[in-house]
Amino acid sequence: MGIVKAEKLTKVYPSGDGVWDIDLEVQEGQIFGFLGANGAGKTTTIRVLLGLLHSTSGKVRVLGEDPLGKKGIEKRREIGYLPGELALYEKHKGIDLLDFYAKSLDGKAPYREEVMKALSFSGKDLNKKIREYSRGMKQKLGLIIALQHKPQLVFMDEPTTGLDPLIQLEVYQLLKNYVGGGGTVFMSSHNLGEVEKVCNRVAIIRKGKLVALEDVEELVRRRVYSVQFSLSPEPTEKDLREVGMREIKIDHGVINGKLAGDPDAFLRKLLDKGKVQDLSCTRGKLEDVFLEYYRPEEEAE
Amino acid sequence: MKKLYFFRLGEQKGTLIAFLVGLTVFSCIMAWSYEAFSDDSGFLTQMFSQFEDLMQAFVGVGFSLDEMAASYFGMTWRHPLVLFLIMGFGISRSVGITREIQSGTGDLLFTLPLKRYLVIFTEFMATVTGLFLINLLLVIAVIVWSLVFGIEDIPGFYGFLWAFLISFYLHVMFAALALAIACLSKTTSQASAWTISIIAIFYVTDFLASLQPQLEFLQPFTLFYQYQVPEALAGNALWTGSLIYIGLTLTFLGTSFFLIQRRDL
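Keep in mind the model is a prediction, meaning the values are calculated, not measured.

Caption draft 1: Geometry of the packing of aromatic side chains. All names here are of chain B. By the definition in use, this model includes 27 aromatic pairs over all chains. For the ring pair Y34 and F73, a centre distance of 5.3 Å and an interplane angle of 50° mean the geometry is tilted. Of this pair, Y34 sits in helix α2 (residues 13-37) while F73 sits in helix α5 (residues 68-78), and the two are 39 residues apart along the sequence. Look at F73 and you get buried, because its relative accessible area is 1%. Taking the centre distance of 6.0 Å and the plane angle of 40° together, the rings of F168 and Y169 count as tilted.

Below is the structure:
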């Protein structure tokens with residue numbers, strides 16, 4: 001059974017916004033990416049999974065328990081959480097806050113030193129009041145709070161917000177090490193590069209509905225390519241669609257377009273249509289795959 | 001729970017020091033002025049007689065020209081400044097729950113392995129401890145300054161004990177009311193505005209009802225009616241008032257538990 005499981009999870013706010021019929025399962029040892037644009041429902045889903053919001057309908061299990069049930073509340077000792085809009089008690093010193101959260105759980109913080117080292121967070125920083133911290137430092141402290149007790153599962157809502165690119169890379173490595181040590185990560189993001197770098201599996205949410213749930217490898221495989229070539233005899237747009245192209249533009253015999261799927265099959269079909277010249281094929285970004293899920297409705301609108 | 005309680009208690013250090021200074025100065029002024037104006041010139045007696053109705057409305061049930069010291073020192077507890085400060089402390093701590101939910105600090109708090117009602121109960125107990133210390137401070141300050149100024153007719157031990165208890169119960173009750181409203185509110189300002197408005201309406205109604213006999217029937221519902229500090233200082237036990245305040249505190253607390261369990265955070 002999955003370490004996190006949602007079946008037909010629905011949460012509707014009085015405003016009519018929310019998430020509908022979310023089905024997902026996260027296995028132990030995964031870094032699960034929850035991808036979506038702002039307002040798509042990522043945070044709402046995480047908050048239901050954590051028991052901060054009551055679901056309207058559906059079933060949720062985290063570490064095998066209902067997050068709002070008695071056992072589910074007890075299981076929070078084995079869960080870490082980094083909120084998306086992190087707010088900390090500004091009057092306290094960093095060390096006091098870390099100790100408070102550690103003591104409120106099991107009193108131990110076996111992973112603190114390692115996380116601090118990875119994030120270049122010094123003991124001197126810990127002795128400062130949190131109101132003196134920069135945004136990035138607060139985010140680092142949030143990461144330490146989430147991971148210091150070496151939880152079985154950690155929820156992270158856009159974990160690298162406010163961190164510089166070098167530290168972001170350290171965070172990715174840290175998460176990989178943490179998962180290597182038996183942990184599981186459920187992280188939301190709208191940064192596709194981040195998901196590609198760190199996640200094994202990804203769910204894409206759009207306007208409150210899950211539109212994809214698959215391995216990152218599979219998603220990467222389905223990247224869109226940008227192709228440019230000439231073909232003689234000059235093909236019609238219909239011919240090009242038949243070989244799998246989209247967004248076709250023909251300018252003085254030079255054909256530009258996008259290609260989703262296997263380039264090998266495309267090339268074979270293309271060669272059947274005529275003689276190919278000046279072919280260039282650039283691998284697209286993961287972003288294009290992501291946008292694929294967003295495009296159909298936008299076009300309809 | 002214990003960790004959260006002490007964490008919250010630690011946050012009150014600065015406020016308690018400010019109260020220590022403020023209440024010490026205030027009670028010093030009160031004790032000094034009693035000593036200075038209750039002498040043979042009879043300034044206080046004249047003032048109390050001339051404005052008897054107004055003084056009664058101000059000091060509350062139990063005001064009496066025969067119990068000059070009890071009535072006079074009753075003003076310390078019923079003075080709007082003291083009421084405002086101590087209530088302000090309780091209310092601001094209680095509506096802090098809404099502030100936590102609104103600002104996001106509640107996210108980490110409510111994902112601790114504690115039921116939600118235990119989280120707010122623990123926070124409330126830290127507030128109650130703060131109110132206990134503030135009220136105790138007020139009693140000690142009044143006693144110390146009365147002794148310093150050599151006031152002979154100061155109320156006795158039971159008088160101060162009941163004054164302390166009734167004041168403590170009143171402030172705890174209002175803190176519980178603020179907590180219940182906070183559990184229902186979306187923003188801190190909404191919670192504060194509702195709580196302060198309700199208390200202000202009660203206070204003004206109690207005051208006016210003391211002056212206007214036709215409004216007298218409203219007085220028992222104002223929650224200030226039972227705040228009979230002069231009665232307490234005169235050595236009378238205030239069982240009814242205490243039970244009403246404790247009962248209402250438990251009701252508001254129960255309502256808070258019910259609301260926090262069901263709301264979205």
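There is more to say after this.
Caption draft 2: Geometry of empty space enclosed by the protein. All names here are of chain A. Counting across every chain of the model gives three cavities of 30 Å³ or more. Taken as a whole, the largest cavity holds about 140 Å³ of empty space. Elements supplying a minimum of two residues to the lining of the largest cavity: β5 (79-82) and α6 (135-147). The element best represented in the lining of the largest cavity is β5, accounting for three residues. Of the residues assigned to the lining of the largest cavity, the class counts are nine nonpolar, three polar and one charged. Looking at the second largest cavity, the residues that line it are L49, L50, V62, P67, G72, K75, R76, I79 and F155. Taken together, the residues of the lining of the second largest cavity sort by class into six nonpolar, one polar and two charged.

Caption draft 3: Looking closely at the layout of surface pockets. As a volume, the largest pocket reaches approximately 1,200 Å³. Surrounding the largest pocket, 40 residues form its lining, Y13, T43, T44 and R47 of chain A together with L265 of chain B being those nearest its centre. At the level of elements, β2 (18-26) and α1 (42-50) of chain A together with α7 (96-103) and α10 (157-184) of chain B are the ones that each hand at least two residues to the lining of the largest pocket. It is α1 of chain A that provides the largest number of residues to the lining of the largest pocket, a total of four residues. Across the lining of the largest pocket, the residue classes tally to 13 nonpolar, 15 polar and 12 charged. Of the pockets and cavities examined, the second largest pocket occupies roughly 470 Å³. Every residue lining the second largest pocket is counted, 20 residues in all, and those nearest its centre are K91 of chain A together with R8, E11, R99 and E100 of chain B. Element by element, the count of residues in the lining of the second largest pocket is highest for α7 of chain B, at five residues. Classifying every residue of the lining of the second largest pocket gives five nonpolar, seven polar and eight charged.

Caption draft 4: Here's a closer look at the interface of chain B and chain A. Every contact between the two is made by 24 residues of chain B and, on the other side, 27 residues of chain A. In this assembly, chain B packs against chain A so that about 2,300 Å² is buried in total across both faces, 63% of it on carbon and sulfur atoms. Interface area lost by chain B to chain A is led by F7, L108 and P113 of chain B, which between them contribute 29%. Taken together, the links from chain B to chain A amount to two salt bridges. Residue D107 of chain B pairs with R47 of chain A through a salt bridge whose shortest N-O separation is 2.9 Å. Our enumeration of links across chain B and chain A arrives at 16 residue pairs in polar contact (both at pLDDT 80 or more). Of the residues forming the side of chain B that touches chain A, the biggest block, five residues, is contributed by helix α1 (residues 2-11) of chain B.

Caption draft 5: Geometry of the sheet that holds strand β10 (residues 224-232) of chain A. Residues and elements named next belong to chain A. Taken in spatial order, the four strands make up an open sheet running β11-β12-β10-β13, and their pairing is antiparallel. This sheet does not close on itself; its edge strands, each paired only once, are β11 (245-251) and β13 (275-283). For this sheet the average axis-to-axis angle between neighbouring strands, irrespective of direction, equals 20°. Of the strand pairs in this sheet, β10 and β13 are connected by seven bridges, and their pairing is antiparallel. By the bridge assignment, S232 is partnered in β13 with K275.

Caption draft 6: Representation of helix α6 (residues 80-94) of chain B. Residue and element names in this part refer to chain B. Over its 15 residues, α6 extends 20 Å from the first C-alpha to the last, a length consistent with the 21 Å expected when each residue adds 1.5 Å. Within the span of α6, buried status applies to V82, L83, I86, M87, F89, G90, I91 and S94. Buried residues belonging to α6 abut α2, α5, α7, α9 (116-148), α10 and α11 (188-211).

Caption draft 7: Spatial organisation of the packing of α1 of chain B against α9 of chain B. All names here are of chain B. At a minimum axis distance of 9 Å, the contact between α1 and α9 shows a crossing angle of 40°. Our classification of the angle between α1 and α9 gives oblique. Crossing of α1 against α9: the hand is right-handed. Contacts between α1 and α9 pair L4, Y5, R8 and L9 from the former with V119, T122, E123, M125, A126 and T129 from the latter. Here the residues of the contact of α1 with α9 sort into six nonpolar, two polar and two charged.

Parameters and conventions
The numbers attached to residues start from 1 for each chain and follow its sequence in the written order. Ligands are numbered from 1 and chains lettered from A, in the order in which they are written. Local features in this predicted model are restricted to residues of pLDDT 70 or higher, and side-chain atom pairs are both shown and tallied only at a pLDDT of 80 or more, whereas totals for entire chains, interfaces and linings draw on every residue. Note: side-chain values were computed over all heavy atoms of the structure, leaving out hydrogens and water. Pairing of aromatic rings covers Phe, Tyr and the six-membered ring of Trp, with a centre-to-centre limit of 6.5 Å; geometry is then stacked below 30 degrees between planes, edge-to-face above 60, and tilted otherwise. Only DSSP runs of H or I with at least four residues qualify as helices, and only runs of E with at least two residues qualify as strands; both kinds are numbered from the N terminus onward. Burial classes follow relative accessibility: with a 1.4 Å probe on protein chains only, a residue under 20% of its type's maximum area counts as buried, one over 50% as exposed, and anything between as partly exposed. In the cavity and pocket records, a cavity denotes points on a 1 Å grid over the protein atoms alone where a 1.4 Å probe fits but cannot get out, a pocket denotes an open set with protein on both sides within 12 Å along at least 5 of 7 lines, and lining residues are residues with an atom within 4 Å of a point. Grid points are joined across faces, edges and corners, and a volume is the space filled by probe spheres set on the points. In the scheme used here, Gly and all other residues not listed as nonpolar or charged are polar, with Ala, Val, Leu, Ile, Met, Phe, Trp, Tyr, Cys and Pro taken as nonpolar and Asp, Glu, Lys and Arg as charged. Contact criterion: two residues are considered in contact whenever any of their non-hydrogen atoms come within 4.5 Å of each other. Here the quantity called buried area is the accessible surface, traced with a 1.4 Å probe, that two parts lose on coming together, added over both. The rule for a salt bridge is simple: a side-chain nitrogen of Lys or Arg has to be within 4 Å of a carboxyl oxygen of Asp or Glu. The term polar contact refers here to a pair of N or O atoms within 3.5 Å; inside protein, the definition further demands a hydrogen-donor-capable atom paired with an acceptor-capable atom, and it admits residues adjacent in sequence only when both atoms are side-chain atoms. For two strands to count as paired, DSSP must find a minimum of two bridges between them. Inter-axis angles, ranging from 0 to 180 degrees, are taken between N-to-C directions of lines fitted to C-alpha atoms, where helices are fitted over the stretch in contact. An expected span of 1.5 Å times one less than the residue number is assigned to each helix. When an angle is under 35 degrees it counts as roughly parallel; over 145 it counts as roughly antiparallel; between 65 and 115 it counts as roughly perpendicular; any other value is oblique. Take the far helix as the reference: if the near one is turned anticlockwise from it by less than a right angle, the crossing is left-handed, and if turned clockwise, right-handed.

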